[in-house]
Every structure is written in C-alpha cells, then in structure tokens.
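# Residue-level structure breakdown
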Amino acid sequence: MSRLRIRHLTGFSYAGEAVASYNEARMLPAHTEGQYVLSSHLRIEPVAASHEYVDYWGTRVSSFEVLLPHRQLSLTATSLVEVRPVAHPDTSMGWDDLARVAGATAPFVEHLEQTPLTTPPDDLVALAAEARGSAAPCEAALAICRAVGGAVAYLPGVTNVKTTAAESWAARAGVCQDIAHVTIGALRSAGIPARYVSGYLHPKPSAELRETIVGESHAWVEYFCGTWHGYDPTNLIDIGERHVVVGQGRDYRDVPPLRGVYAGSGASSLFVTVEITREA
C-alpha cells in the first residue's frame, strides 16, 4: 500500500485579455477497486462557480465558466490517494468466449471500436495478429503491450495531442499518450477490448517518505480478457502502487485534464506542473 499526495497545477496564459472562458477539468482521482481517494480539491482562479459530475466513462468532471476579463486561468488540483495492489484472478477465457462477451456488452463493444487516434496501420495489425497466434487472450494482450512498448521510444517533442497511432508507430517515437494509443489500436485489432487510462505515475520508486518529486500526467492502458488488467507500455511495467487513476475512455479525447474555449485574446499558452509526494 502507498499513500500519495498529488499537486497538479495547470492553466492558460493569454497574450491579451480573455473576456470569457468555458472549461471542463478532469484532474481529480477516481475511486477504483485498488484506489481510495482520502481527499481531493480543485481551486480555480479567477474564482468561478463549478458544476461537478461524473461523465459517461466514469470520470469526475468539473465544469466551469469565467465571465470576467482575465489574463490567466489557473487550476490547482490537490489530492491524497491511497493505492493498494489489485490481485487479478486467473482466467481461462478463450477467444470464442471473449468474442461472445465483448460483442454483446455495450462497454466492451465501445472499447473494441477504433477511433481516429487509435486506428493502426497494416504492419501493426500484423504484429498483433502474430502475438495472438495460439496464445490465450490474456497472454496475447500482454505480449502486444510489451512489443509496442519495446518498439516505440519515449521521445517528447515529436508529437502533439492530435498525433495518431499510425503516425507515432511510423516514427517509432512519442510520449506516453502516443504509446497508449498505439497499444490500444493493436489490442483492438486483435479482438481484445482496450481502454485509455489517464492519471499520474510517481516517477521515483526509491523516493523517501515526504520527498516531493516533480512528475507529470501519465497515460497507460487497460485490456479485458476475463477481467480488466492494467499495463504501462511506456515503462514496460504492470500497474502498481505508483499509478493513480484519474479517468478512462476510448482515447485521450475522452479524458483531457483541461479543455475549453475562450473569447478575447487571439493567443494562449498552456502551463503544467505536477508534484507527487509519497506519505506512506
């Protein structure tokens, strides 16, 4: 078990004045089987009334509008989360059973369909088909995750939020968001339901108690082969006590930390800082 305190600061600085902005934030951790949120709070500056709800995918959303002129929009999410390891029971689900379950249940069907960000090129489809081979779904899914994670280098600056899985795979490079999209595309092409997970990863396994580490938002995948399994293809590790889930969906577009529109200034720049402290 670990207890992590997360401070996530993000927002927009405007070249001039924004006279109004309308936004959604997905920055507060979720309650899950292995994760308990002890406290969480979102501070918005300028002060704005917000509406809290849980979206279709189960992610906590803060919707708000700022109707006064402002040169900067700043959000600070502070959370304390207890993370426990999740034991996955052995599953003997075969391909026929997986196809029957996934094809008849809405959430699985939605996580089998490709999106513009996850659609894989032919050679990635072939890689997934080879991994599927004679292996059971769980073994094939893990093999696909490891193959993609081993083939795509983590390289900031070569992609953006609109980069597709096909483009990242062609470059064999990208950030965690891109590697997750490539992995999801491969898994879905093999008939394995897969979803995009947005959250945080404590970047230093050996961190001392109460040592604050500069981190960043992170993304990984979950695949279904009888139960949902999480895997971090960027770091080639299972999901564990250093991962904190914020939300999940079909791809990044379902779970961006901050999304909005504004009127006024013609240019804006995004700023982000994440700090993670292990407290237990």
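Criteria and cut-off values
Residues numbered from 1 in each chain as written. Predicted model: local features only at pLDDT ≥ 70, side-chain atom pairs only at ≥ 80, totals over all residues. Heavy atoms only, no water. Helix = DSSP H or I, 4+ residues; strand = E, 2+ residues; numbered from the N terminus. Expected span 1.5 Å × (residues − 1). Buried < 20%, exposed > 50% of the residue type's maximum accessible area, 1.4 Å probe, protein only. Arc of directions from axis to C-beta. Contact = heavy atoms within 4.5 Å. Core = buried A, V, L, I, M, F, W, Y, C linked by side-chain atoms within 4.5 Å. Phe/Tyr/Trp six-rings, centres within 6.5 Å; stacked < 30°, edge-to-face > 60°. Lys NZ or Arg CZ within 6 Å of the ring centre and 35° of its normal. Disulfide = S-S within 2.5 Å. Pairing = 2+ DSSP bridges. Axes fitted to C-alpha atoms, helices over the stretch in contact; angles between N-to-C directions. pLDDT = per-residue confidence, 0-100. Patch = residues over 30% accessible without salt bridge, like charges linked within 9 Å, V, L, I, M, F, W, Y side chains within 5 Å. Areas by Shrake-Rupley, 256 points an atom, 1.4 Å probe, with all protein chains shown as cover. Salt bridge = Lys/Arg side-chain N within 4 Å of Asp/Glu carboxyl O.

## Side note on helix α4 (residues 137–151)
For α4, spanning 15 residues, the distance from its first C-alpha to its last is 21 Å, which sits close to the expected 21 Å at 1.5 Å a residue. All of the buried residues along α4 are P137, C138, A140, A141, I144, C145, V148 and G149. For α4, the buried positions fall inside an angular range of 165 degrees around the axis, keeping them on one side. The inward-facing, buried residues of α4 abut α1 (95–102), α3 (122–132), α6 (176–189), β10 (217–224) and β11 (228–232).

## A few points about the side chain of Q177
Among the secondary structure elements, Q177 is positioned in helix α6. When residues no more than four places from it in sequence are discounted, the contact partners of Q177 are N160, V161, Y196, A219 and Y252.

## Points about the nonpolar core
Of all hydrophobic cores here, the largest spans 35 residues; its most connected members are I144, V148, L187, I192, Y196 and Y223. Mapped onto this core, the elements with two or more residues apiece are α1, α3, α4, α5 (165–171), α6, β8 (194–201) and β10. For this core, the element with the highest residue contribution is α6, accounting for seven residues. Core analysis: the second largest hydrophobic core is formed by 24 residues, Y14, F64, L73 and V83 among them.

## Some details on the packing of aromatic side chains
Using the criterion set out here, one finds six aromatic pairs in the structure. For the pair Y14 and Y262, a centre-to-centre distance of 4.8 Å together with 55 degrees between the ring planes defines the contact as tilted. With Y14 in strand β1 (residues 2–25) and Y262 in strand β14 (residues 258–264), this pair connects stretches of sequence that are 248 residues apart. Its relative accessible area of 8% is what places Y14 among the buried residues. Overall, the relative accessible area of 30% leaves Y262 in the partly exposed class. Above the ring of W95, the side-chain terminus of R132 is found at 3.8 Å from the ring centroid.

## Topic: the state of the cysteines
A complete count under the given rule lists one disulfide for this structure. Here C138 pairs with C225 through a disulfide, and the sulfurs are 2.1 Å apart. Across the disulfide from C138 to C225, rotation about the S-S bond amounts to roughly 90 degrees, and the bridge is consequently right-handed. With C138 in helix α4 and C225 in the loop between β10 and β11, this residue pair connects regions lying 87 residues apart in the sequence. In this model C145 remains outside any disulfide bridge; the closest cysteine sulfur is found in C225, 9.8 Å from its own. Using a relative accessible area of 0% as the deciding quantity, one classes C145 as buried. Cysteine C176 shares no disulfide, and the gap to the nearest cysteine sulfur, in C145, comes to 15 Å.

## Examining the pairing of strand β4 (residues 60–66)
When β1 meets β4, the two strands line up antiparallel, connected through five bridges. Residue A25 lies in a different strand from β4, and its bridge partner there is S62. Pairing between strand β3 (residues 50–54) and β4: five bridges, direction antiparallel. Following the sheet pairing, V54 is matched in β4 by R60. Between β3 and β4, which pair antiparallel in sequence order, lie five residues; one of them, G58, sits at a positive phi of approximately 90 degrees.

## Here we look at the sheet that holds strand β13 (residues 243–249)
Taken together, the five strands give an open sheet; going across it, the order is β12-β11-β10-β8-β13, and neighbouring strands pair in antiparallel fashion. On the outer flanks of this sheet lie β12 (237–238) and β13, each paired with one strand and no other. Bridge count between β8 and β10: seven bridges; the pairing is antiparallel. Residue pairing for β10: R195 is matched across the bridge by E222. The strands touched by α4 within the sheet are β10 and β11, with β10 carrying the most contacts at an inclination of about 155 degrees. The sheet strands contacting α6 are β8 and β10, and the helix crosses β10 at an angle near 10 degrees.

## Thoughts on α6
An α-helix turns once per 3.6 residues; consequently, residues spaced three or four apart project the same way. For α6, with 14 residues, the first-to-last C-alpha span of 20 Å sits near the 20 Å given by 1.5 Å per residue. Just past α6, the residue G191 takes up positive phi, approximately 85 degrees.

## Observations regarding the confidence of the model for the protein
One rule of thumb: low pLDDT means the predicted coordinates there are not for detailed reading. Of the residues in the protein, 100% reach a pLDDT of 70 or more, and the chain-wide mean stands at 93. Per-residue pLDDT, averaged within each element of the protein, yields its smallest value for helix α2 (residues 106–110) (87) and its largest for α6 (98).

## Some points on a nonpolar patch on the surface
On the surface, Y22, L67 and V261 cluster together into a nonpolar patch covering about 300 Å² of accessible area. Its location among the elements puts L67 in the loop between β4 and β5 (70–83).

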